[in-house]
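# Structural overview
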Amino acid sequence: MVRAGVVGTHLPTSGLDIFGDLRKMNKRQLYYQVLNFAMIVSSALMIWKGLIVLTGSESPIVVVLSGSMEPAFHRGDLLFLTNFQEDPIRAGEIVVFKVEGRDIPIVHRVIKVHEKDNGDIKFLTKGDNNEVDDRGLYKEGQNWLEKKDVVGRARGFLPYVGMVTIIMNDYPKFKYALLAVMGAYVLLKRES
């Protein structure tokens, strides 16, 4: 179905006729597009796993979700982490840590470090923009963090790049729509 625009031109009724494009593909083209999509997803997973190995961190890239570290980091900043076990933790370092019972890691600065004679290290953290230390965030009865709680240490950042992640978490419908559009684009994109 077409509609008339300027005299002598024809415009399609829909600029994005997904199902029409799928019907026009033969099976080989469709398999090729699905395989192409699978390669993109597996490449992204391999890059992520490679970053985990290179950085020693279970989560080498994180997004700052709150303003507790302002002015050092703002909500939406993307942090690059490393977590080499041989590096000692020092006061003043910015660490990302997980607390038992909480799913989301926390980005805060180390304010005190206690090293025991046997080499065990315990430390206390605080957000730069917070009035008090983080003991209220730790699990009940825990007053100090240990190295096992650390996900990584901030080594660099990109300002506000992570806002896309925050928007997708705040508006799940937007996330699914964006994923659907990207998936449709990869499946329907034809090589020239």
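So, here's what we can say about the structure. Given the structure is predicted, the values throughout are model-derived calculations rather than measurements. (Residues numbered from 1 in each chain as written. Predicted model: local features only at pLDDT ≥ 70, side-chain atom pairs only at ≥ 80, totals over all residues. Heavy atoms only, no water.)

Considering all chains together, one arrives at two aromatic pairs under this definition. Each ring, one from Phe73 and one from Phe157, has its centre 5.1 Å from the other, and the planes form 75°; the classification is edge-to-face. Here Phe73 is found in the loop between strand E3 (61-63) and strand E4 (78-82), whereas its partner Phe157 is found in strand E9 (residues 150-158), with 84 residues between them in sequence. In this structure Phe73 comes out as buried when scored by relative accessible area, which is 7%. Note on Phe97 and Tyr138: the rings are 6.1 Å apart at their centroids and 80° apart in plane angle, and the pair reads as edge-to-face. Taken together, the residues span a long stretch of sequence, with Phe97 in strand E5 (residues 94-97) and Tyr138 in the loop between strand E7 (121-126) and strand E8 (145-146) at a distance of 41 residues. Each member of the pair, Phe97 as well as Tyr138, is classed as buried. (Phe/Tyr/Trp six-rings, centres within 6.5 Å; stacked < 30°, edge-to-face > 60°. Helix = DSSP H or I, 4+ residues; strand = E, 2+ residues; numbered from the N terminus. Buried < 20%, exposed > 50% of the residue type's maximum accessible area, 1.4 Å probe, protein only.)

Here we come to the packing of helix H3 (residues 163-170) against helix H4 (residues 172-188). Between two packed helices, what matters for the description is the angle formed by their axes and the separation of those axes. The geometry of H3 relative to H4 is characterised by a closest axis approach of 5 Å and an angle of 115° between their N-to-C directions. Judged by the inter-axis angle, H3 sits roughly perpendicular to H4. Residues Ile167, Met168, Asn169 and Asp170 of H3 form the contact with H4, whose own contacting residues are Pro172, Phe174, Lys175 and Leu178. Partitioning the contact of H3 with H4 into residue classes produces five nonpolar, one polar and two charged. (Axes fitted to C-alpha atoms, helices over the stretch in contact; angles between N-to-C directions. Parallel < 35°, antiparallel > 145°, perpendicular 65-115°, else oblique. Contact = heavy atoms within 4.5 Å. Nonpolar A, V, L, I, M, F, W, Y, C, P; charged D, E, K, R; others polar.)

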